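One letter stands for each residue in the lines below.
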Amino acid sequence: MDRFVWTNGLLEMNETLIVQQRGVRLYDGAERTVFDSGNLLLSTHRLLWRDHKNLECVISLPLSLILSVEEELPPLISNSSPKLLLRLSGAGVEGAAAALGGPYGSSRHDAVRASFRQHGHTQFLRRLQEALAQKLWQKLPDTETRGQQQQQPRGVRARGAGIVSIERKLEEKRKETEKHISEAFEDLGKLMEKARDMVELSKSIANRMRDKHGDITEDETVRFKSYLLSLGIAEPVTRATHGAGCHFHAELARQLAELLEPRLRECGGLMELTDVYCRVNRARGMELLSPEDLLNAARLFEPLKLPIRLRPFASGVMVVQLTSLDEDAAIAEAACVVEEKGSLTSEEFSKLIGISVLLARERLLLGEENGRLCRDDSEEGLRFYPNRFA
């Protein structure tokens, strides 16, 4: 053990880490040492042992001092761990010990044992034998240059990729990530505060517009209202503000009707309930709505005599549509388009009139139900034709 010297654990220039193994105990010959449990690292130039609790406790042994390596396997009935026996040379030991110092001033053994309590000794032995055969440490600068490097400050030698430096960099990166996350949440809180201010500002401007009818043109009023709609719902109905049960769903239905009516007029008077759910939650911001609450509110559209209503199709598809929608006119339009094209599938019809494929199929099925269209259901899919039999 008097060949080992203290080190800071950093790899030197031109030195590369090969393999490491946890749970290794060091013996001075056959005698147990204080280096009881740690990580044994093999580089191209040295063996390093690091305490797993005190990372600053690191000792190293140059590979040039290892004469041979032998594997010692315990008996089958024994609880002892496999070991590697390292036979060492005494050449150059006194100079190294005097320059850097070591944990043992002297030793009566010329061998060191490494006990692998967590196994891995086979791979470590193979890699150690390869490193000893390659002798890459001989490519180091001459002795004088190495002595100058050893005398340099610790900050200069930190150019290597030591384990301590890697752990410090990971810790610094973790702290930086936590800082960015906390700053992001602070920015989100500020954004929500600004959004509330914008809502209050829009309310005040809307009130002034109502007070000054003559100062603002009708086109400007329409344009400004479209801007307000893009901001979403100013005061979404919630259980905290309107309680629970029927009263909550009734107020929610009124607010949904106010939000959805202009959208329905833009898309032909029909909208799937799934699309309604996405649009409503986008407009409500942080006050998200559950699918059950949306469905219960939609069922109250018609009893509350609102301008929209919930309609389930025979296939099970549920849509929200304008109460004023002329269904006969929609069927006639579908029949006219099919008549013009000769025949259409749901996908082709959806592209022509600009609605979803699901709604296009339901509209074509309505035309078939009213006797204006007929179908051809074949291997190529469902295709609708004008009804020539009526």
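Preceding this section is the structure that the text describes.
Small disclaimer: the values here were computed from a predicted structure and weren't measured.

Engineer: Explain the overall build of the chain to me, and be specific about the residues and the numbers.
Structural biologist: Summing up its helical and strand segments, the chain has 13 helices and 15 strands in all. Counting the 390 residues in the chain, one finds 37% classified as buried. Pairs at least 24 apart in sequence give 59% of the contacts found in the chain among residues at least 6 apart. Working note: accessible area of the chain is about 23,800 Å², and carbon and sulfur atoms make up 52% of it.

Engineer: Describe helix H13 (residues 357–369), naming the residues involved and giving the relevant values.
Structural biologist: Residues three or four positions apart in an α-helix share a direction because the helix packs 3.6 residues into each turn. Here H13 contains 13 residues, and its C-alpha end-to-end distance of 18 Å stays within 8% of the 18 Å for a straight helix at 1.5 Å per residue. Within H13, burial applies to Leu 359, Ala 360, Glu 362, Arg 363, Leu 364, Leu 365, Leu 366 and Gly 367.

Engineer: Could you give an account of helix H11 (residues 327–341), with specific residues and numbers?
Structural biologist: For H11, spanning 15 residues, the distance from its first C-alpha to its last is 21 Å, which sits close to the expected 21 Å at 1.5 Å a residue. Between the side-chain oxygen of the N-cap and the backbone nitrogen of Asp 328 there are 3.2 Å, and the N-cap of H11 in question is Asp 326. One or two steps after H11, the chain reaches Gly 342, where phi turns positive at roughly 90°.

Engineer: If you had to explain the nonpolar core to someone new, which residues and values would you point to?
Structural biologist: Residues Leu 26, Leu 40, Leu 47, Leu 63, Ile 66, Val 69 and Phe 124 are the most contacted members of the largest nonpolar core, which totals 29 residues. Ranked by residue count, the leading element in this core is helix H2 (residues 121–134), at 5 residues. When residues no more than four places from it in sequence are discounted, the contact partners of Leu 40 are Val 19, Gln 20, Gln 21, Val 24, Leu 47, Leu 48, Trp 49, Ala 114, Phe 116 and Phe 124. With 24 residues, the next largest nonpolar core counts Val 237, Leu 259, Ala 283 and Ile 308 among its residues.

Engineer: So what's going on with the sheet that holds strand S15 (residues 381–386)? Residues and values would help.
Structural biologist: What the 3 strands build is an open sheet, ordered S13-S15-S14; its pairing is antiparallel. Of all strands in the sheet, those bounded by a partner on one side alone are strand S13 (344–345) and strand S14 (373–378). Strand direction decides the pairing type here: S14 and S15, joined by 6 bridges, are antiparallel. Each residue of the ladder has a partner; that of Leu 373, found in S15, is Pro 386. Running over the sheet, H11 touches S13, S14 and S15 and is turned about 95° from S15. Against the sheet, H13 touches S13, S14 and S15, its axis set at about 120° to S14.

Engineer: Please set out the environment of Ser 115 residue by residue, giving values where relevant.
Structural biologist: Mapped onto the elements, Ser 115 comes out in strand S9 (residues 111–116). Of the residues examined, Ser 115 reaches a relative accessible area of 3% and is grouped as buried. Between the alpha carbons of Ser 115 and Ser 37 there is a distance of 9.4 Å; along the sequence they are 78 residues apart. Contact partners of Ser 115, with chain neighbours within four places excluded, come to Gly 23, Val 24, Arg 25, Tyr 27, Ser 81, Pro 82 and Lys 83.

Engineer: If you had to explain the packing of helix H8 (residues 246–266) against helix H10 (residues 291–298) to someone new, which residues and values would you point to?
Structural biologist: Running from N to C, H8 and H10 cross one another at 80°; their axes reach a closest spacing of 8 Å. Classified by the angle between their axes, H8 and H10 sit roughly perpendicular to one another. Facing H8, whose interface residues are Phe 248, His 249, Leu 252, Ala 253 and Leu 256, H10 presents Asp 293, Leu 294, Asn 296 and Ala 297.

Engineer: Outline the packing of H8 against helix H9 (residues 273–284), listing residues and values.
Structural biologist: At their nearest, the axes of H8 and H9 sit 11 Å apart, and the two run at 105° to each other. The angle between H8 and H9 falls in the class roughly perpendicular. Residues Leu 252, Gln 255, Leu 256, Leu 259, Leu 260 and Arg 263 of H8 form the contact with H9, whose participating residues are Val 276, Arg 279, Val 280, Ala 283 and Arg 284. The residue inventory of the contact of H8 with H9, partitioned by class, reads 7 nonpolar, 1 polar and 3 charged.

What counts as what
- Residues numbered from 1 in each chain as written.
- Predicted model: local features only at pLDDT ≥ 70, side-chain atom pairs only at ≥ 80, totals over all residues.
- Heavy atoms only, no water.
- Helix = DSSP H or I, 4+ residues; strand = E, 2+ residues; numbered from the N terminus.
- Buried < 20%, exposed > 50% of the residue type's maximum accessible area, 1.4 Å probe, protein only.
- Contact = heavy atoms within 4.5 Å.
- Areas by Shrake-Rupley, 256 points an atom, 1.4 Å probe, with all protein chains shown as cover.
- Expected span 1.5 Å × (residues − 1).
- Polar contact = N/O pair within 3.5 Å; in protein donor to acceptor, adjacent residues only side chain to side chain.
- Core = buried A, V, L, I, M, F, W, Y, C linked by side-chain atoms within 4.5 Å.
- Pairing = 2+ DSSP bridges.
- Axes fitted to C-alpha atoms, helices over the stretch in contact; angles between N-to-C directions.
- Parallel < 35°, antiparallel > 145°, perpendicular 65-115°, else oblique.
- Nonpolar A, V, L, I, M, F, W, Y, C, P; charged D, E, K, R; others polar.

It is worth stressing that arrangement in space is one thing and function is another; only the former is reported here.
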